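# Observations on the three-dimensional arrangement
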Amino acid sequence: MTSYNIALNFEDGVTRFVECKEGEKVLDAAFRNKINLPMDCSDGVCGTCKCRAESGSYDLGDDYIDDALTADEAGQGLVLTCQMKPSSDCVIAVPTTSTTCKTGQQKFVATVAQVMPHKDAAIVLELEVDAGAPVFLPGQYVNIDVPGSGQYRSYSFSSAPGERRIGFLIKKIPGGVMSGWLARAQTGERLEITGPMGSFYLRDIKRPVLMLAGGTGLAPFLSMLEVLARENSQQQIHLIYGVTRDLDLVLVEQIEDYTQRLPNFTYATVVAEEASSHPHKGWVTQHMPTELLHGGDVDVYLCGPPPMVDAVRKYFDDSGMTPHSFHYERFTPNVAAKEAA
């Protein structure tokens, strides 16, 4: 029997995937998986189960009343989960917390497969996951427990969903808890992981996309680009990758590879350090040609440290240019904290 993966993304950033059988309603599939989505009548009358479908195809039927879901709301992607029958994999934003729905964060274990330093700038950590490990959305992150420290650190996936080997791009920090452990990590060691989490993830691509990466904030974009390449996306996509020093430019060859796999993908690298001889110097906002914004008909994704996020937001405010959608995640590399919007 045909079934579809439905990602339920809660407002506290927790994501849970449920399998929805062909012809089954999302609300029923969630209940079958012991996730109590908001509901009251379950008959398309009250509107309590209203959520937003951010990707995928589905049928709402006509067995609900306009007071529960208006035509305008349906046109904007709002759905009643008590009526929604998916016909593809879907992502649904649920306007409440995971704990309210009597679910929560998932935990799983992974095995160290490879640790690859990139000079003094970053470390690529690759892990093998067991069968049955949670799926994630491209752009999301997990918390990784640092062995022997009692602490965890948050990292975005740099690999595509659905693989047995997952990857992370980690900033190398002198004296850092994770950096210190990675210096002595051994292949075969086991790590405890919590996730996936985060509302920073790739939505349906319906217009040009501008990706802005700062430092190891490149990681989620590598995940997104891999997904888009596998989907053979024809949309215009431009990535601007900004760093502080020349040495901080890592995995550029991997980015270059996507110019061959994505027909309308381009990118630019930017280095802030004055002493650099890089052809593009300064800040990301200084290398955003107006044509990349397509008069506002563009989806912008931004991941980087707080000063970069604040600078880009100010740039849009000052220019009067409002993107069709703007998704961002700010991070501080040496602490386990992320904020997305």
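Residues numbered from 1 in each chain as written. Predicted model: local features only at pLDDT ≥ 70, side-chain atom pairs only at ≥ 80, totals over all residues. Heavy atoms only, no water.

### Brief notes about the sheet that holds strand S2 (residues 15-21)
One key point about sheets: their strands pair by backbone hydrogen bonds, in either a parallel or an antiparallel sense. Read across the sheet, five strands follow the order S2-S1-S7-S3-S5 without closing on themselves; strand pairing throughout is mixed. Both outer strands of the open sheet, S2 and strand S5 (78-80), are each paired with one neighbouring strand and no more. Across the sheet, the mean angle from the axis of one strand to that of its neighbour is 35 degrees, orientation sign disregarded. Both strand S1 (residues 3-10) and strand S7 (residues 90-94) contribute to a ladder of five bridges, which runs parallel. By the bridge assignment for S7, Asn9 is matched with Ala93. (Pairing = 2+ DSSP bridges. Helix = DSSP H or I, 4+ residues; strand = E, 2+ residues; numbered from the N terminus. Axes fitted to C-alpha atoms, helices over the stretch in contact; angles between N-to-C directions.)

### Brief notes about the packing of helix H4 (residues 219-230) against helix H5 (residues 252-261)
In contact at an axis separation of 10 Å, H4 and H5 are set at 20 degrees when each is read in the N-to-C sense. It follows that H4 is roughly parallel to H5 by the angle criterion. H5 is crossed by H4, and the crossing has left-handed handedness. Within the contact between the two elements, H4 uses Leu222, Leu225, Glu226, Ala229 and Arg230 and H5 uses Gln254, Ile255, Tyr258 and Arg261. Among the residues making up the contact of H4 with H5, the classes are represented as five nonpolar, one polar and three charged. (Parallel < 35°, antiparallel > 145°, perpendicular 65-115°, else oblique. Left-handed = near helix turned anticlockwise from the far one by under 90°. Contact = heavy atoms within 4.5 Å. Nonpolar A, V, L, I, M, F, W, Y, C, P; charged D, E, K, R; others polar.)

### Observations regarding the packing of aromatic side chains
Summed over all chains, the structure comprises eight aromatic pairs. Each ring, one from Tyr315 and one from Phe316, has its centre 5.8 Å from the other, and the planes form 70 degrees; the classification is edge-to-face. Judged by relative accessible area, Phe316 falls into the buried class, the value being 5%. In textbook terms, an aromatic cluster arises when at least three aromatic residues are bridged by ring pairs, as seen for Tyr315, Phe316, Phe326 and Tyr328. Taking NZ or CZ as reference, Arg203 lies 3.9 Å from the ring centre of Tyr201, over its face. (Phe/Tyr/Trp six-rings, centres within 6.5 Å; stacked < 30°, edge-to-face > 60°. Buried < 20%, exposed > 50% of the residue type's maximum accessible area, 1.4 Å probe, protein only. Lys NZ or Arg CZ within 6 Å of the ring centre and 35° of its normal.)

### Comments concerning the environment of Cys82
Along the chain, the position of Cys82 falls in the loop between S5 and strand S6 (85-86). Considered as a pair, Cys82 and Gly47 are 35 residues apart in the sequence and their alpha carbons are 9.2 Å apart. Excluding its chain neighbours within four sequence positions, the residues that come into contact with Cys82 are Lys25, Leu27, Ser42, Asp43, Gly44 and Cys49.

### Let's talk about the environment of Pro174
With respect to the helices and strands, the residue Pro174 is situated in the loop between strand S12 (165-171) and helix H3 (177-182). What makes Pro174 exposed here is its relative accessible area of 81%. Residues Pro174 and Asp120 lie 54 residues apart in sequence; the distance between their C-alpha atoms is 9.0 Å.

### A short note on the side chain of Arg207
Along the chain, the position of Arg207 falls in the loop between strand S13 (190-197) and strand S14 (209-214). With relative accessibility at 15%, the residue Arg207 sits in the buried group. Among the polar contacts listed, one links the side chain of Arg207 to the side chain of His324, at a separation of 3.2 Å. In contact with Arg207, not counting residues within four places along its chain, are Gln235, Asp297, Val298, Asp299 and His324. (Polar contact = N/O pair within 3.5 Å; in protein donor to acceptor, adjacent residues only side chain to side chain.)

So, to be careful, I would describe these as geometric facts and stop short of saying anything about function.
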